[in-house]
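Chain residues, written in single-letter form:
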Amino acid sequence: MFTFVSNIPIFRRLFYAFLLAAIIPGIIISVLSIVFINTQNTRNQEVQTNIKMSSDTMTISAALQRGQDLFNGLNGTQQLNGNRQTQPFIRTISGIQQSIETNIKLYAQHYQLATSPQMSDIRSMVVGDNPGTTAVIDQQNALMQVEKLWPACRNAQEQVFKNTNQPINILAQRVNAQCDPMQATWAKVAQIANLVNATIAQGNPSQTNPIILTTIIAFLVTVLTIVMIGYIVNLTITRPLSQLTTLTRRIAEGETQARAKILGHDEIYTVANSMNTMLDNIVRLIQETQSQRDVLQGQVEKLVSEVSGVGEGDLRVQA
């Protein structure tokens, strides 16, 4: 791989290195931004769903309490037919009953943690915050119990209008006997709704921990990428230049046999190859000069030996 990198011209190599150093962190930041935005959108949806659930829970609780208060207010009334407000009372109770029945069905459809699609993220938060919680099962059982208790409560209320010949206090007691369990069971549903509300308000590590972990991983990947780019630049540019510097120092010290060993085909390789060729030519010239010097020195020594007899008086010597 490094040989391939060394074949790339230095300018393009540095350009690619800086481009990667800019693009990779940019990609990581973009991915983190998308993850954060998706998490925030999911969080907003959970908050909105929780607000609606709390509102509907309070609406049903208030309707149940209002109906019970109206029937408790009949105590002391002898006959319902003799009351001037009988028809308005019946219409009010009928409206409350219809509202409760409709809202209970919609509540079980929209806000049941175990089955509602829009509650899946909230269910994950509740379970993730407390793995041993029974809130999901408790809410499901409570809603099933409410669906069973409500018809009995409604029938007891309707008997007040049908059995007008019986004392109101006795009928009201029957209503309380049938509707109190219904109201107590709904109080459990409201308690679970408060638990969900507290979980949403506090936040859940199951949502924040992945973001923190992803951020740490992204930071490490960015640092590793920068380090790798620096290492490749050092290996393919800085180190060969250092080798050329060392080569010139060795030549200056007289090591004429030293040569540069550079891989690749970039500008540094061209310079090193030119230096090696120049050194080969210099060494060849030195060797030729030394050879010529040796020949000349031999001839001079021969000449000196041949004419050495002249100094002794022998004039017959010829060079």
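From a predicted model like this one, the values you see are computed outputs, not experimental measurements.

### Quick word on the packing of aromatic side chains
Remark: the centre distance and the inter-plane angle together describe each pair of aromatic rings, the angle taken between the planes. Enumeration according to the criterion identifies 3 aromatic pairs in this entry. Both rings, one in Tyr107 and one in Tyr111, keep their centres 5.1 Å apart while their planes meet at 65 degrees; by these two values the pair is edge-to-face. Of this pair, Tyr107 and Tyr111 are both found in helix α3 (residues 86–111), 4 residues apart, which corresponds to roughly one turn of the helix. Of the two residues examined, Tyr107 and Tyr111, each falls in the buried class. Ring pairs connect the aromatic residues Tyr107, Tyr111 and Trp186, which therefore count as one cluster.

### Observations concerning the pattern of salt bridges
As enumerated under the stated definition, the model contains 4 salt bridges in all. Of the charged contacts in the structure, one is a salt bridge between Arg259 and Asp280, with a shortest N-O distance of 2.7 Å. Placement of the pair is Arg259 in the loop between α7 (205–252) and α8 (267–307) and Asp280 in helix α8, with a sequence separation of 21 residues. In this structure Arg259 comes out as partly exposed when scored by relative accessible area, which is 27%. Assessed through its relative accessible area of 40%, Asp280 is described here as partly exposed.

### Topic: the nonpolar core
The biggest cluster of nonpolar side chains holds 39 residues, and the ones touching the most others in it are Tyr107 and Trp186. Where this core is concerned, the elements lending two or more residues are α2 (10–72), α3, α4 (120–129), α5 (135–162) and α6 (168–202). No other element matches the 11 residues that α5 contributes to this core. When sequence neighbours within four positions are dropped, the list of residues in contact with Tyr107 reads Met53, Asp56, Thr57, Ile60, Gln112, Gln139, Leu143, Trp186, Val189 and Ala193. Counting 11 residues, the second-largest nonpolar core is a separate cluster that includes Ala258, Ala260, Ala272 and Met275.

Rules of the game
- Residues numbered from 1 in each chain as written.
- Predicted model: local features only at pLDDT ≥ 70, side-chain atom pairs only at ≥ 80, totals over all residues.
- Heavy atoms only, no water.
- Phe/Tyr/Trp six-rings, centres within 6.5 Å; stacked < 30°, edge-to-face > 60°.
- Helix = DSSP H or I, 4+ residues; strand = E, 2+ residues; numbered from the N terminus.
- Buried < 20%, exposed > 50% of the residue type's maximum accessible area, 1.4 Å probe, protein only.
- Salt bridge = Lys/Arg side-chain N within 4 Å of Asp/Glu carboxyl O.
- Core = buried A, V, L, I, M, F, W, Y, C linked by side-chain atoms within 4.5 Å.
- Contact = heavy atoms within 4.5 Å.

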